[in-house]
Structures are given as C-alpha cells and as structure tokens.
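Commentary on secondary and tertiary structure
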Amino acid sequence: MKRRINPDKCVACSTCVVQCPVAEVTSKFLGPRMLGPASERFRMLNAGEDDSLSYCANCKNCDISCPQGVEVSNINMLARAEYCRENRPSFRDWILAHGELEAKLVSYFPSFLVNFGMANPISKQILDMVGVSKKADLPKFASKQFPAMFKEYKQPENLTKRVVFYPGCFIKAYAPQTGMDLVWLLNKAGYKVEYPEVFCCCGTPLYTNGFEADARKNAVKNLEELAAWRKAGIPVLSLCPSCQLMFKSEIPAFFPDLAENMESTALDDAMEFILGCINRGELDISEADTSPLDIIYHAPCHLRAQGIGFPGLDILRLLPGVHAVNADAGCCGISGSYGFKKEKYDIGMAIGSKLFDTIKDSGIRQVATECGTCKVQIIHGTGNPCDHPLTILRRRLDKKTTK
Amino acid sequence: MKHTTVVIIGGGATGIGILRDLSMRGVKAVLLEQGGIASGASSRFHGLLHSGGRYAVKDNEAARECIEENMILRRIGRECVEESEGFFVLSQQDDPAYEKPWVEACAKAGIKTEPVDVKEALRLEPNLDPGIKAVYRVPDSSVDGFRLVWHNAMSARRYGGEMLTHHEVFAIDQEGGKVKGVRARNLVTGEEVCISCDVVVNAAGSWAAKVVELVGLEVGVQPDRGTLVAFNHRFTSRVINRLHMSSDGDIFVPHGSITILGTTSFHADRPDAHEAPTEDVLKLLDIGEVLIPNLRSYRILRAFAGTRPLYVAKGSAAGRAASRGFHISDHSEEGLDGMFSIFGGKFTTYRLMAEKLCDLVCEKLGVHAECRTAVEPLIADPSPAMMEKAAKYFPVHSVPLVANRLGDAFPIVVEKAAAMKSNPLLCECEMVTRAEIEYVASDPSSHSMTDVRLRTRLGMGTCQGTYCSLRTIGALTECRVPFPLSPADNLRDFLQERWKGLRPALWGLQAREMELGRAVYAATLNIDGARDEQKN
C-alpha cells in the first residue's frame, strides 16, 4: 500500500534546510525540503527517486524546526520504504538493520570471542568491504545480555506497584547494566518490574534501512503486547528516545492501520517516570552522594523531536553536588547506524564535530545522554566517559544505600 | 522587406501547428505572434487531452475528431502527453438517465468506454466521494499545452519555419483584391517589419476578429472566459470527469506535479480577459466538492483564466451551447484573395485544424505535398546514453521531466551542465537547474523571466517564485543574458505576474506562502522601491 503525506503545508521557507545537520556538511544530500515535500509532489507522478534520499539520517531536526508542522522526515522515510520495495537494500544495510537477530545469535557465544571476532583488523576489513566503515567504533556486545541478567536478578519481595520495562535492542545487547540501573531505581521507588520477552525491536533500524515488512511485523507484535498492558493499567517504560519516537509517532505514520484502534501507541518515558517518582517522594534522593560533579548533557535528536523537554537533565539537576550543563550543540552525527556506514562515516563525524568541540571546550569530563548510539559516537569523538543519566543517578544513590 | 509565401498570424497551437504543417510540406512560412508562444488559450486551459467523451452526446462529430486526434497526439507528442486515462463518474447529484445514451454515443464516436466497479474505482482514486454511483474508464489524458506548442515550433524550425514573437500585426496590405503582405511592430524594440507574401492565415484565436478588422471584414468569433484553479499537488492519478451534460467545474486534470480543476464559461468582452475572479474560484470549489469531498483542504496554488475562441455562426447560441467544432473562412468569398481565417475548435484537435487549413492553402498555391504531421513525431526521443549522462548533472528524478521539457534542446543543455562547475537547482519546486534556465533565457525568443518560466516551469510550483526568482535573476545577471528590462524590473514583473494568480484564491495555506513572499520581496528587498530609485 502506498501511503502519501499531503505536502501542502510546506511553504518552502527552507528553515529545515538551515537546521538539517546533513545538508550543512555535504552537498550529496539535496536537503529535507527538496527530498521531502518538494519531491513528494513528483513521487505522486512516479518520477523516480534520487540517490540522495539515502543520505537522510532521519534525525528529525527538520520536523523539529518546521514552523508549519510538516512531517518532513516521515515523507522521506515513506519514500525510502517505497523505493526499497522495488530495489532491495544492500547486505550491509541488512546487517545494520537486523541487530536484534545478530544479538540473539551471538548471545550463544562468549562475548569476548564475539567482540574479538568483530574488532580485529581482519574482520574490520571485511566489514569495511561490505560497507561498514573500519574507522567506526561499533558498540561491543555485553558479556551477559539483558534478558539473562534480568532473569538472574532478585527483585525485593513485597513490592505492590508494578511497571513494565521495554528495554530496546541497544540496552538488551550492548548496555544491559543501564537497564538494570533502571530496575534497581524502580525497585527502590517501590515498583516491581516486569520484562515480557515477547517485546521485540521497535523497528526503527529496520524501517530506516528499508525493511518495511520486517518493521511492520515487529510493530504488530509490540502493539499487541502494549495494548494488553495498557488494558491492565500498567505503564510500559522505555529508556531509549528512538524506540519511544518509533512507538509514539512513526508507527502511526508508517502503519496507520495498526494504530487506528489505539488511543495512543506511545511508551512511557522512563526518565519522566523516575522524575515523577522523585517529585512524589517515592524515590528519596536526600541521601545521595553530594561530592561535586560536573556533567555536560547531550540531548539526543529523537528526544528533542518528542517535545517532552529534558527529564534526564532535570533529574541530574535535582542531585545535590551535581552541576549539569546542556551542551546544546545539535546532532552527534550517528543517527542509529547512519554514522557506521562507510560512505557516511565522515559526514557523521563532521556533523558531530560541533558537539565534540563543545564538550572538549567545556573542560567537563563526564558526559551524559540517554541514547545508546549517541553515547558510542560521543566516546568515539571525544574519548570522554559518557553515561546514561540514570546510571549516574544510581551511582549517586547506591553508594550510601548499599555500602 | 522580407519575403515569404505564407504569413501566419497567431502563435498558439493552431498557428504553430500550421507553421509546422506548411514547413513540412515545403511551403515557406513566417509566423507572427504579439506575445510569447502559446500565451493565449493554448496555455490557459485545463490541459485535458479529450477522449471526446465530454462531447459524445451533444456533438458526436467533434467527439470522433477528439478520439482520433487524441490517439495521434499520444504517438507524435509523447513528451507532452501523460499516458494516463480518464474516469467518467456518476455522482450522487447526476441524473442516471444520462448514462445509457452517453455510453451509446461514445460507442458511435469510436470512444472505448469500460465500466469500472465503484469499489475498484475508489481503490484507484481514494479521494473520490465514496457515494459515487457509477464509473467508466475512457482514454482521456493530460497534455502540456505550452510544451506541445513549443515542440511543434521546434519541429517547424527544423523544416525552416520561422517565428517572430512579440510582433503585433498592425496592417495587412492588399492590392487588387489580393493580399500582398503584412506589417508588424516589434513590441520589444519598437521596430517595424514588412513581410510580403502570397497568403495570410489568421489563426489568432480569440483575437481573430481583431485581425480581420484590419481588412474591414468580420468573423464569428466570441471570446468566452474560462477560469481554472491549480492545486499544489496531484490528488487524483487520472482525469476525472462528471458523467453528465458538460458543465462548469466538472473536470479534474492531474498534471505533472499539480492538479487543475476547470472550467467556467462566461461571455468575455475582450480576448485578453485573463483575470480570474474569486467568485469563479468559489463556484469551482463548490462544484468540485461533489466529486472530491476534501477539496477545500487542498492548497490552491493559483487561479487563472483564458478565453476560448468560440465559433458563433450568426444568430446561434453562445457560451457552453456554442459549437466546439472549428471553422475555416476563405475570405476570397468576400472579395479578398489569399486570406484565410481559422477559429473555434479545441486544443485536442489543433493538428487536424492545421491539416485542413494547409490543404486549402496548398491547393491555392498549387502545392501537392501530403500532410505528414500525423505520422512524424514532434521531437526525437532522447537516447538512453544521453539520459544516463544527464543523471550525473541533474537530480535523478528530474531527468525525464527535463528531457520532456527541453525536447530538441535536451542534449545541448546536458552538455552545458556537464561543462559547468556545478548545476544547482534554482527552482526546487519544479526542479529546474541553472543550466536549463541559462539556456532557455539565451534563446532569441526569450525576453523576460516570464518567458523562461513558461518553457521551464520556473516559479510555477509551491512557492510561486518566492525562492527561485531571486536566484534566477542573480544567475542571469551573472552570466549576462541580455533582457530588455533591468534585473529589478524583471523581478518585479515576474513576481507581480505570479501574485496576480494568487490573489483570487488568497486564503489558507497559500496565504501563508504569499505573506512569506511579500515579506521577502516587498519588505526585506523593497522590490518596488528599487525600481523607483533607478528611475530617479
């Protein structure tokens, strides 16, 4: 089914072009307005597709900046999906899109072997040949992935309130400890955490890499599970801004028929939830470590696109002794798997350079951000430590409560 | 004094069609046009290539001509015709009793009709009203009128045909009851030209009566104003007609990147009654909503109007009831030998009209060459190698559009783009690059940015000139294209012409666009002030 977004709202003001991080650093991308609403008028007459479309990173800065409310990036993603129906995406894109499946496969092997297998010069050369830049630092698989870690973890008895956790692929395979930090904090706030294994990849990497059918399958599964928890009145929390955005606004845009019967397809933001716990007095932070700590915070594009403010930064600022500044330096350049691609690595690094410089110039070591791949890119670009705000929160609380 | 065999007055579809036909038959001819090519009704209609279905019941002969010419134009003018199709839709408001006689009349005229299941029709055209009662498929199509005329002109040029645009005829000389020549004024330079000839053909459309007035004669041409509305995007994939006796506002024609809704029919008191009143726009929307219920949610780009040169025999009906057939007058019957007038008809049948007229002219001249306009394509298809080369210098999805627009000039523009350091898009809404604009602007027939617009679609998309006009005038000034007007005046005229079409439908999303354009040019760039400053 062809789905079209009415391009009429665009007044061609080009605000999105000015705000587009990709268009700023490369002429290979014709720009969001041109490939979005302008080209959409020609797609309606089947005029074909310019290769430049693959340079859209789906970072959503066009949507954020548009004064007329045009869904520029969704126009681009729908067009890419349509293009990929006729033109199969590359093997490289298949690999980058299907991280969940790969994570599942490698979970049967010891992680040091897998990571050595991926990070050694020969494998890097092979990946480079299929189109994954050898200059990129791919995230490393955790020695134990989230499902296994969660299974082994004993939550305190007698917790009466319940929440569900939707970890998303990054936390599942690469950063399970961040997920466990959330579980620990929620337990402390009096919530028992459920983790239904039926939840699968939100579909963002699948859809943006051109695997629409796979993304749809996942959406069907995820929405069914989400609806069941909704019905039971139990919130479903996510830590990943990109997963949240997929559920909240991309699933309804890409698969409107699936979203039709649901009042909302959105997950709850775990950061907002924790902030609420603090504000309601459920999570006591008065005992937190008060030693001075400077933090520079990076707001992921997909968090900014949701228009819910920066609850992660708000939490950090509530902590005694913590001085947190907002880097406010735009996109980091990674956009999921975009910056790992050979032809896009330099573009990603050029986009991120403003953020890297801001971090370096601030003189602050500790960086905080919610997004897993932003974190990978920030560490790659600056060498600074970068953590999820909740990890920092736990560190500040755990010292006093558990020691 | 210039000499030729035939002088043709009028550079619309008919006149240029005649120029091509005569040139192909080896008859020397010069065409004079007071404005730019196709500046009258040939570019001011809905762009429907009629199947004839619209006329089948009322004028079966005209319907038969339409379907025959429709099939010919698909063949010879592939670059100008979108090979779509048409639906005739019986809406909830239409009389079902019209259906049967219509189907029979179409069969009689040779128009293939095929009933389409309403559910299937709604799947193909989801924006149609779900309450429609019946749908038929017909071989309607859309045609770019302006481009078709230009491609005819290119073909004519190849055979030696000559055109002088912006030349207004002010006298037709005669001697002993026979035409001797034509005198015209170059409206750009003010120079006068005299052309001696044996035959004068008046193909001035709505201006035909004014032309014969020069020799003290009369013709039954009544200009009839038709208003049309252009929308920002295609919301149908095929031509949509109402299945009823043809009336106002009952045709939607998807056209390149836009959709056109037409048309009204009002008596016009002059041939250049090109103002589109707001009442007409509102009326069209009211009627159009019957087929497309969401019509008012779509953005209107602009409204425009043209005048049909209707043929009205003395004492017969005018307006929509008038004949859509064409008529040729040999004025030797009125005592002026060598002068012919052709008027009435429809864009779809322009080629046939030209053929019939040229047959008469050739008979008079004793030329026996056969008409070949129906067999030879207007322009040669671009080679696959050239298309591939173009993809390196133009956005890939714009290449077929650019090739179709440019016709013969496509390879030249591709080579030009290849030689340039870069070939940026100056008009993003309609995907026009600098190489194309520079080339067209340098053509001798281009005198202004508006002439460039007509051939390239510069400024005809979403922003209606807000972004591309400044970029274009900058580029043209930089490469020193000699236009009679100063850059500031050129820009002002261009924008005013764009804004003229915006005013009658100035609400909703387009009002926002207009405000942006006004802020950029009137406020920030003080476009009117710049002109006044130069005058002082």
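Just so it is clear, the structure is predicted and the values come from calculations on it, not from any experiment. (Residues numbered from 1 in each chain as written. Chains lettered and ligands numbered in written order. Predicted model: local features only at pLDDT ≥ 70, side-chain atom pairs only at ≥ 80, totals over all residues. Heavy atoms only, no water.)

1. A short note on the overall build of chain B
Regarding its fold elements, chain B presents 17 helices and 24 strands. The principal-axis extents of the C-alpha atoms in chain B amount to approximately 65 × 55 × 50 Å. Out of the 536 residues belonging to chain B, those deemed buried represent 62%. Across chain B, contacts joining residues at least 24 apart in sequence account for 72% of those joining residues at least 6 apart. Of the accessible surface of chain B, which amounts to about 20300 Å², a share of 52% is contributed by carbon and sulfur atoms. In chain B, which carries 63 positive and 69 negative side-chain charges, the distance between the mean positions of the two groups comes to 3 Å. (Helix = DSSP H or I, 4+ residues; strand = E, 2+ residues; numbered from the N terminus. Buried < 20%, exposed > 50% of the residue type's maximum accessible area, 1.4 Å probe, protein only. Contact = heavy atoms within 4.5 Å. Areas by Shrake-Rupley, 256 points an atom, 1.4 Å probe, with all protein chains shown as cover. Lys, Arg positive; Asp, Glu negative; His and termini not counted. Charge placed at Lys NZ, Arg CZ, Asp CG, Glu CD.)

2. Things to note about the interface of chain A and chain B
Contact with chain A, which involves 23 residues of that partner, is made by 28 residues of chain B. Between chain A and chain B, roughly 2200 Å² of surface is buried when both sides are summed, and carbon and sulfur atoms account for 56% of that area. For the chain A face of the interface with chain B, the top three residues by lost area are Asp 8, Arg 41 and Phe 42 of chain A, together amounting to 31%. One salt bridge in this structure joins Arg 33 of chain A and Glu 428 of chain B, with 3.2 Å as the shortest N-O distance. Each residue belonging to the side of chain A that touches chain B can be placed in one class, and the counts come to 12 nonpolar, 5 polar and 6 charged. (Buried area = accessible area lost by both parts, 1.4 Å probe. Salt bridge = Lys/Arg side-chain N within 4 Å of Asp/Glu carboxyl O. Nonpolar A, V, L, I, M, F, W, Y, C, P; charged D, E, K, R; others polar.)

3. Description of the packing of aromatic side chains
All names here are of chain A. Enumeration according to the criterion identifies 21 aromatic pairs over all chains in this entry. Aromatic side chains Tyr 207 and Phe 255 sit 5.7 Å apart centroid to centroid with 85° between the ring planes, which places their arrangement in the edge-to-face category. Of the two residues, Tyr 207 is situated in helix H13 (residues 204-208) and Phe 255 in the loop between helix H15 (241-254) and helix H16 (256-259); the sequence distance between them amounts to 48 residues. Of the two residues examined, Tyr 207 and Phe 255, each falls in the buried class. With a centroid separation of 6.0 Å and 50° between ring planes, the pair formed by Tyr 297 and Phe 310 is classed as tilted. Residue Tyr 297 is located in strand S5 (residues 293-297), and its partner Phe 310 is located in the loop between helix H18 (301-304) and helix H19 (311-318); the two are separated by 13 residues in the primary sequence. Given the relative accessible area of 25%, Phe 310 is considered partly exposed. (Phe/Tyr/Trp six-rings, centres within 6.5 Å; stacked < 30°, edge-to-face > 60°.)

4. Structural notes on the domain arrangement of chain A
All names here are of chain A. Looking at the assigned domains, one finds that chain A contains domain 1 (7-86) and domain 2 (285-402). Measuring from the centre of the C-alpha atoms in domain 1 to the corresponding centre in domain 2 gives 28 Å. Each partner contributes to the interface: domain 1 provides 13 residues, whereas domain 2 provides 12 residues. Both sides of the domain 1 and domain 2 interface together cover about 1000 Å² of buried area, and 66% of this is carbon and sulfur. Between domain 1 and domain 2 we count 0 salt bridges in total. The tally of links between domain 1 and domain 2 comes to 5 residue pairs in polar contact (both at pLDDT 80 or more). Those elements giving two or more residues to the side of domain 1 that touches domain 2 turn out to be helix H2 (21-25) and helix H4 (61-65). Class assignment of the residues belonging to the side of domain 1 that touches domain 2 gives a composition of 8 nonpolar, 4 polar and 1 charged. (Domains from an automatic or database assignment. Polar contact = N/O pair within 3.5 Å; in protein donor to acceptor, adjacent residues only side chain to side chain.)

5. Some details on the environment of Lys 344 of chain A
Residues and elements named next belong to chain A. Mapped onto the elements of the fold, Lys 344 is located in the loop between strand S6 (322-326) and helix H20 (345-362). Judged by relative accessible area, Lys 344 falls into the buried class, the value being 3%. Every residue in contact with Lys 344, bar those within four places of it in the chain, is listed here: Ser 54, Tyr 55, Tyr 338 and Gly 339. Of the polar contacts made by the side chain of Lys 344, one reaches the side chain of Glu 343; its length is 3.0 Å.

6. Considerations on the sheet that holds strand S2 (residues 191-194) of chain A
All names here are of chain A. Reading across the sheet, the 4 strands line up as S2-S1-S3-S4 and stay open at both edges, with parallel pairing between neighbours. Both edges of this open sheet fall to S2 and strand S4 (268-269), since each of them pairs with a single strand only. Summarising the sheet, strand S1 (residues 161-166) and strand S3 (residues 236-238) pair through 3 bridges and their orientation is parallel. Within S3, the position partnered with Phe 165 by the bridge is Leu 237. (Pairing = 2+ DSSP bridges.)

7. Brief notes about the sheet that holds strand S7 (residues 366-368) of chain A
All names here are of chain A. The strand order across the open sheet formed by 4 strands is S6-S5-S7-S8, and the pairing between neighbours is parallel. Looking at the sheet topology across the chains shown, the edges are occupied by S6 and strand S8 (386-387). Judged from the 5 bridges that link them, S5 and S6 form a sheet pairing that is parallel. When the sheet's bridge partners are listed, Ile 296 is paired in S6 with Val 325.

8. Regarding a nonpolar patch on the surface
On the surface, Phe 91, Trp 94, Leu 101, Leu 105 and Val 130 of chain A cluster together into a nonpolar patch covering about 460 Å² of accessible area. Structurally, Trp 94 of chain A can be placed in helix H6 (residues 91-97). (Patch = residues over 30% accessible without salt bridge, like charges linked within 9 Å, V, L, I, M, F, W, Y side chains within 5 Å.)

9. A short note on unusual backbone geometry
Note: most residues except glycine have negative phi, and most peptide bonds are trans. Thr 263 of chain B follows Gly 262 of chain B through a cis peptide bond whose omega is -10°. Examined against the element boundaries, Thr 263 of chain B turns out to sit in the loop between strand S18 (258-262) and strand S19 (266-267). One non-glycine residue, Ser 335 of chain A, adopts positive backbone phi at about 45°. Residue Ser 335 of chain A is classed as partly exposed on the basis of its relative accessible area, which comes to 21%. Even without being a glycine, Gln 464 of chain B presents a positive backbone phi close to 50°. For Gln 464 of chain B, the location among the structural elements is in the loop between helix H13 (449-456) and helix H14 (468-478).

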